[in-house]
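Letter by letter, the chains look like this.
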Amino acid sequence: MARRAMVQEQILKRGVAAQAVLEAMLAVPRHKFVPARFRADAYADKPLSIGEGQTISQPYMVAAMTEALELSASQRVLEIGTGSGYQAAVLSLIAREVITVEKHAALALAAQQRLAGLGYTNIVVHTGDGSVGFAEAAPYDAILVTAAAPAIPPLLAGQLREGGRLVIPVGSQENQELFLVRKEGGEIQSRVLFDCRFVPLRGQHGWK
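Note that the coordinates shown come from a computational prediction; the quantities given were computed from them, not determined experimentally.

J.: Run through the packing of aromatic side chains, naming residues and quoting values.
T.: Under the counting rule described, the total for this entry stands at two aromatic pairs. Between Phe-33 and Tyr-86, the aromatic rings sit 5.7 Å apart at their centres with planes inclined by 65°, giving edge-to-face as the arrangement. A residue pair is termed long-range when its members are at least 10 positions apart, and Phe-33 in the loop between helix 2 (19-27) and strand 1 (48-51) and Tyr-86 in helix 4 (residues 86-92) qualify at 53 residues. For the pair Phe-33 and Tyr-86, one class covers both residues: buried. Here the guanidinium or amino end of Arg-30 rests over the ring plane of Tyr-86, the centre of that ring lying 4.9 Å away.

Shown next as structure tokens:
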């Protein structure tokens, strides 16, 4: 089937090895998260438009970012940029709870309805400026940002608990690097994982 081939060819062969991530990618029906006109390309090796100038990320990128978070079943994760809800669905099969924030109200509502309809019960969708995080439910074990920021937003780093991880694309609006940030001893340490390209993060600590 297309989903199994996607995991085998696009994800496993490129080095994503975490069993929980591979199982989650195999379990989530990606074709239910893309617009009907792109359904034939749901498992293709590319991002797809979902409206409002946003995209559903390439399958490999979803898997690689999820693996970098090093999630366990007891942990809570904040996602910035809900989009269609696909990344949140993947995270929800690994983590205890997913809180996800989407700037575009129409996308947030559609994602909420889609996720509920598919039976994902440990995801809470909020509408708002994701660049400031979601302080009401902080701190988080992990934070995943699915849009590119000009710098690491300080409020996001501040919402990590001790030992927490933040994965975020940082750079110009055209090209970015994917950063893995850790909070250790109250200090923020970061390193670059690889080059990437995402839609810009809009908001107070994103692109205006």
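J.: If you had to explain the sheet that holds strand 5 (residues 123-127) to someone new, which residues and values would you point to?
T.: Each strand in a sheet pairs with its neighbour through backbone hydrogen bonds, running either in the same direction (parallel) or in the opposite one (antiparallel). Across the sheet, seven strands lie side by side as 5-4-3-6-7-8-9; this open sheet has mixed pairing. With one partner strand each, in any of the chains shown, strand 5 and strand 9 (187-196) form the two edges of the open sheet. Strand after strand, the sheet turns through a mean of 15° between neighbouring axes, direction not considered. Alignment of strand 7 (residues 160-171) against strand 8 (residues 176-184), held across seven bridges, turns out to be antiparallel. Each residue of the ladder has a partner; that of Gly-171, found in strand 8, is Gln-176. Packed onto the sheet, helix 3 (residues 59-68) meets strand 6 (140-145), strand 7, strand 8 and strand 9 and runs at close to 160° relative to strand 9. Where helix 5 (residues 105-117) meets the sheet, its contacts fall on strand 4 (97-102) and strand 5, and the angle it forms with strand 5 comes to roughly 165°.

Cut-offs used in this document
- Residues numbered from 1 in each chain as written.
- Predicted model: local features only at pLDDT ≥ 70, side-chain atom pairs only at ≥ 80, totals over all residues.
- Heavy atoms only, no water.
- Phe/Tyr/Trp six-rings, centres within 6.5 Å; stacked < 30°, edge-to-face > 60°.
- Helix = DSSP H or I, 4+ residues; strand = E, 2+ residues; numbered from the N terminus.
- Buried < 20%, exposed > 50% of the residue type's maximum accessible area, 1.4 Å probe, protein only.
- Lys NZ or Arg CZ within 6 Å of the ring centre and 35° of its normal.
- Pairing = 2+ DSSP bridges.
- Axes fitted to C-alpha atoms, helices over the stretch in contact; angles between N-to-C directions.
- Contact = heavy atoms within 4.5 Å.

All we've got here are geometric facts, nothing functional implied.
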